[in-house]
Amino acid sequence: MKTKLKLALAGMALIPSLVSSFPSVYPTGTLIYKPEKAWGGYNLIGPSWWGDASTYMVDMNGKVVKEWKGLLGHSAKILPGGHISGQFGTIKKATAHVLDWDGNVIWKYDGAYNSHDINREGNPVGYYTPAPNMEPKVKGGRTLLNAQFRGTKGQKVRPEVMEGGPVEGNFLLEVDWEGNILWEWDINDHIDQLGLDEVAREALHGAHRFMSHNGGAAVAAGKSAVDWAHINAVSWVGPNKWYDEGDERFHPDNILWTSRNTSIIAITSRKTGEIVWKMGPDYDSDPRTRRMGPIIGSHGAHIIPVGLPGAGNLLVFDNGGWSGVGDAVPGAPHGLGTMRRHYSRVLEVNPVTLEVVWEYSAEKANHGSVRNPHQFFSPFQSNAQRLPNGNTLITEAAYGRMFEVTEDLEIVWEFVESKWRNPGGDNPVFRGYRVPYDWVPQLQRPEEVAVTPPEMKDFRFEGRGEKVARPVVLK
């Protein structure tokens, strides 16, 4: 009976739009699994800040195989040998840690409150690639992280950058194993390099709380500092073909970062501190970016590491929703959140030619149309990871949904966060990652069982006079 019930529940995911069309009831756990087409491994589920904080790992059939109580999901990444990096604390007071399998702390950095990302030396983005010498270090070496919030040890408030009030630091930090700062960069020191025109600067000057969740309105907040940039992703560029061909902008030690609120993705030279490559905030003046369309509120931008299909290209979850600053428009009367789009895309972009070489969206995947492209949509958080077989693992954060798609956009694995921690009704997962089984030697490799959903037309909830209605498959 349990097997039939699981398959019946999986049927609700046959059309993934059900998850992103806001039903009041939908299934959780593994909903679709095609072992012959997917790249099998363990899946790290990194829930968002709020709720009952813990990060956990499931196999391909959705069985929870490990949970790290209290570990926040924003920057959690599995390291070889069953180790994990992540954060402990609260939304504005989280510090970076590395733990062993048993949860013992083997490293932490409390020189600044960490935000969004932790990357360990050895792999520029922290996820698996089969290329040799590309495993993130468990001990020793450098750590790259971003530190967003003000009022913390090692940070500062910058009242002189903008009129009208102080701003939060948006720091990128590289530290050694002993906690010494090897390199530091604050976007507030480089605002003149960002391409923000006078109108955009004026909009920022008037903001005392930037891009709140009510659609991006500027809300007066007294002396509160402004998180005007909101850097939400940072990684090393890593070894790549562009640098091998002589393009110094893509030096492996340079740092790629994303400013969610200004719609900017950029690379900073580690040597000079200057911004050497950039997309946004202007997507109109260059015909290449105009064809691409604006990247709005993006997350998880990185250069695909060597050893993976598409290596050297930029992979980014282009959220949609709202971001950008400029002229006031309907819906953004203060000039904040001026770029708007009601659906998400995952883009793979050649960073030299700015050509879009691969894209996932509801319309492209035939799960939506020009009338309802929002069937794939997370206006906040989210991520994308390139897998060794050429598939892409996508985290659609707003609905706690992770799914793996082929190059041809076929869904071959789908999972919906099953813990339902937030009684308010949302179920967000900030990021998810897939790692190979042998990275976690503490576990016996699980049996992989295909999950084939029934036909949607045959799936119903029926009461049958019982206390709780049961999902059934009609025959």
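None of these values were measured; they are calculated from a predicted model.

A word on the overall build of the chain
Within the chain, the secondary structure is distributed over four helices and 29 strands. For the chain, the residues scored as buried account for 59% of the 475 residues in total. Sequence separation of 24 or more characterises 59% of the internal contacts of the chain that already satisfy a separation of 6 or more. As presented, the chain carries roughly 19000 Å² of accessible surface, and 51% of it is formed by carbon and sulfur atoms.

Here's the deal with the confidence of the model for the chain
Looking at the chain, pLDDT values average 83 and 80% of them are 70 or higher. Here helix α1 (residues 2-10) stands out as the least confident element of the chain, with mean pLDDT 36; helix α3 (residues 241-244) is the most confident, with 98. Scored below 50 in pLDDT, residues 1-21 makes 52 contacts in the model with residues more than four places away or belonging to other chains.

Remarks on the pairing of strand β17 (residues 299-303)
Within β17, five of the five residues are buried, which leaves it mostly tucked inside the rest of the structure. Pairing analysis gives three bridges linking β17 to strand β18 (residues 314-318), with the strands arranged antiparallel. Following the sheet pairing, Ile303 is matched in β18 by Leu314.

Some words on the sheet that holds strand β15 (residues 264-268)
Whether parallel or antiparallel, the strands of a sheet pair through hydrogen bonds between backbone atoms. What the four strands build is an open sheet, ordered β13-β14-β15-β16; its pairing is antiparallel. Of all strands in the sheet, those with a lone pairing partner are β13 (231-236) and β16 (275-279), marking the two edges. Pairs of neighbouring strands in the sheet enclose a mean axial angle of 20°, with direction left out of account. One ladder, built from four bridges, connects β15 with β16; its direction is antiparallel. Looking at the pairing, Ile265 lines up with Met279 of β16.

A closer look at the pattern of salt bridges
Opposite charge on two side chains allows them to pair when their charged atoms are near. Following the criterion strictly, the structure yields 18 salt bridges and no others. Through salt bridges with shared partners, a single network forms among Glu121, Lys137, Arg142, Glu174 and Arg270.

A look at the environment of Ala94
Of note, Ala94 is situated in strand β7 (residues 93-99). The spacing of Ala94 and Ser115 is 21 residues in sequence and 7.3 Å in space, taken between C-alpha atoms.

Section: the sheet that holds strand β1 (residues 29-33)
Strands sit in the order β1-β26-β25-β24-β23 across an open sheet of five strands; the sheet is antiparallel. Every interior strand has two partners, whereas the edge strands, β1 and β23 (383-386), have only one. Each strand axis lies, on average, 15° off the axis of its neighbour in the sheet, ignoring direction.

Comments concerning the packing of aromatic side chains
Applying the stated criterion across every chain, the model contains 13 aromatic pairs. Centre to centre, the rings of Trp39 and Tyr128 are 5.6 Å apart; their planes meet at 20°, and the pair counts as stacked. Highlighted residues: Trp39 in the loop between β1 and β2 (42-47) and Tyr128 in the loop between β9 (118-120) and β10 (143-147), separated in sequence by 89 residues. A residue is classified by how much of its surface remains accessible, and Tyr128, at 18% relative accessible area, is buried.

Description of the side chain of Thr95
Among the structural elements, Thr95 can be located in strand β7. With relative accessibility at 14%, the residue Thr95 sits in the buried group. Setting aside chain neighbours within four positions, we find Thr95 in contact with Gly86, Gln87, Phe88, Tyr109, Asp110, Ala112, Tyr113 and Asn114.

Quick notes on a negative patch on the surface
A surface patch of like charges, here negative, comprises Asp197, Glu198, Glu202, Asp282, Asp284 and Asp327. Mapped onto the elements, Asp284 comes out in the loop between β16 and α4 (287-292). For Asp284, a relative accessible area of 55% corresponds to the exposed category.

Describing the environment of Arg290
Mapping Arg290 onto the fold places it in helix α4. The contact partners of Arg290, leaving out residues within four places of it in the chain, are Tyr283, Asp284 and Ser285.

Looking at the nonpolar core
With 30 residues, the main nonpolar core has Leu44, Ile45, Met57, Trp68, Ile78, Ile84 and Trp413 as its most contacted residues. Of all the secondary-structure elements, those providing two or more residues to this core are β2, β3 (54-58), β5 (72-79), β26 (411-416) and β27 (429-435). Once you skip the residues sitting within four places of it in the chain, Ile78 turns out to touch Leu44, Met57, Trp68, His83, Ile84, Gly126, Val435 and Trp439. One finds Leu144, Leu172, Ile191 and Ala229 within the second-largest nonpolar core, a separate group that totals 24 residues.

Things to note about the environment of Glu184
When you line up the elements, Glu184 lands in strand β12 (residues 181-186). For Glu184, a relative accessible area of 38% gives the class partly exposed. The spacing of Glu184 and Glu174 is 10 residues in sequence and 6.5 Å in space, taken between C-alpha atoms. Residues contacting Glu184, with those up to four places away along its chain left out, are Phe171, Leu172 and Leu173.

Here's the deal with helix α2 (residues 198-205)
Ala200, Ala203, Leu204 and His205 are the residues of α2 that are buried. Along its buried surface, α2 packs onto β19 (321-325) and β20 (336-341). Where α2 starts, the residue carrying a side-chain oxygen 3.2 Å from the main-chain nitrogen of Val199 turns out to be Asp197.

Quick notes on the pairing of strand β4 (residues 64-69)
Relative to β4, β3 runs antiparallel, the two being bridged by five bridges. Across the sheet, the residue bridging to Val58 is Val64, located in β4. If you look at the hairpin formed by β3 and β4, you'll find five residues sitting between the two strands, and Gly62 has a positive phi there, around 90°.

Some points on unusual backbone geometry
For the bond running from Gly280 to Pro281, omega is 0°, close enough to zero to count as cis. Phi is positive for His116, close to 75°, though the residue is something other than glycine. For His116, the position within the fold is in the loop between β8 (105-109) and β9. Residue Gln381 is not a glycine yet carries a positive backbone phi of 55°. Within the secondary structure layout, Gln381 lies in the loop between β22 (356-360) and β23.

Calculation notes
- Residues numbered from 1 in each chain as written.
- Predicted model: local features only at pLDDT ≥ 70, side-chain atom pairs only at ≥ 80, totals over all residues.
- Heavy atoms only, no water.
- Helix = DSSP H or I, 4+ residues; strand = E, 2+ residues; numbered from the N terminus.
- Buried < 20%, exposed > 50% of the residue type's maximum accessible area, 1.4 Å probe, protein only.
- Contact = heavy atoms within 4.5 Å.
- Areas by Shrake-Rupley, 256 points an atom, 1.4 Å probe, with all protein chains shown as cover.
- pLDDT = per-residue confidence, 0-100.
- Pairing = 2+ DSSP bridges.
- Axes fitted to C-alpha atoms, helices over the stretch in contact; angles between N-to-C directions.
- Salt bridge = Lys/Arg side-chain N within 4 Å of Asp/Glu carboxyl O.
- Phe/Tyr/Trp six-rings, centres within 6.5 Å; stacked < 30°, edge-to-face > 60°.
- Patch = residues over 30% accessible without salt bridge, like charges linked within 9 Å, V, L, I, M, F, W, Y side chains within 5 Å.
- Lys, Arg positive; Asp, Glu negative; His and termini not counted.
- Charge placed at Lys NZ, Arg CZ, Asp CG, Glu CD.
- Core = buried A, V, L, I, M, F, W, Y, C linked by side-chain atoms within 4.5 Å.
- Polar contact = N/O pair within 3.5 Å; in protein donor to acceptor, adjacent residues only side chain to side chain.

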